[in-house]
Amino acid sequence: MVQATPLLLVLFLALGAHGLAVKKCSLTGRWVNDLGSNMTIMTVNANGAFAGSYHTAVTATSNEIKLSPLQGSMQKSPNQKGQPTFGFTVNWSFSDSITVFTGQCFVDEYGKEVLKTMWLLRSHVENIKNDWKATRVGTNVFTRLQSQE
Ligand code: BTN
């Protein structure tokens, strides 16, 4: 029993360390949100900058929806603990509007990555008197699009 103790300790530490390896949330890849919009985020560089594309499922305009570019930034501080905060801007290619998103990349209780975001959609208005109605606000939840293998 006395000799077995160090062995059990090593075994416990090895299993424990493995079990405690916390899954990190990565922004890179393809995402779909609760409206059915699709987003692709390319590589996040060493400074946290990233680019990608956005295909919205809905529009506040009567224009034909087109794929639009996005540019963003991910917080790189050590306090992020694998669940980083981020922001990105979508410059709509088919309208006069701009949307900014801000959010956090989480790993949920089932180990699934989820992006919880809030957004501001700024529409173009003809004059300053219409400024009051130019900004919409909302939330979107994104989950990872599984690749078809
Ligand atoms: C426009 O209508 O002028 C551009 C498209 C805006 C789409 C908005 S952005 C916030 C919300 N989330 C989406 O995925 N689409 C809408």
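See the structure above.
Summary of the structure given here. This is a predicted model, so every value here is computed, not measured.

**With respect to the packing of aromatic side chains**
Part 1 of the reasoning: Counted by the stated rule, this structure contains seven aromatic pairs.
Part 2 of the reasoning: Ring centres of Tyr54 and Trp92 lie 5.4 Å apart, and the angle between their planes is 85°; on these two criteria the pair is classed as edge-to-face. With Tyr54 in strand S3 (residues 49–55) and Trp92 in the loop between strand S5 (85–91) and strand S6 (98–107), this pair connects stretches of sequence that are 38 residues apart.
Part 3 of the reasoning: When its relative accessible area of 2% is taken as the criterion, Tyr54 is described as buried.
Part 4 of the reasoning: Measuring from ring centre to ring centre gives 6.1 Å for Phe101 and Phe142, while their planes differ by 70°; the resulting arrangement is edge-to-face. Of the two residues, Phe101 sits in strand S6 while Phe142 sits in strand S8 (residues 135–144), which places them 41 residues apart along the sequence. In this pair, the class of Phe101 matches that of Phe142, namely buried.
Part 5 of the reasoning: Feature note: the residues Tyr54, Phe86, Phe88, Trp92, Phe94, Phe101 and Phe142 constitute an aromatic cluster, connected by ring pairs.

Each value, and the rule that gives it
- Residue numbers here run from 1 along each chain, matching the order of that chain's written sequence.
- Local features in this predicted model are restricted to residues whose pLDDT is 70 or higher, and side-chain atom pairs enter the listing and the counts only when it is 80 or higher, whereas totals over whole chains, interfaces and linings include all residues.
- Only heavy atoms go into the side-chain values, all of them from the structure, while hydrogens and water stay out.
- Classification of ring pairs rests on two measures: the distance between centres of Phe, Tyr or Trp rings, Trp counted by its six-membered ring, which must be within 6.5 Å, and the angle between planes, read as stacked under 30 degrees, edge-to-face over 60 and tilted in between.
- A helix here means a DSSP run of H or I that spans at least four residues, while a strand means a run of E at least two residues long, and both kinds are numbered starting from the N terminus.
- Here the term buried applies to any residue with accessible area under 20% of the maximum for its type, exposed to any over 50%, and partly exposed to those in between, with areas from a 1.4 Å probe on protein chains only.

Scope: geometric values only; no functional claims are made or implied.
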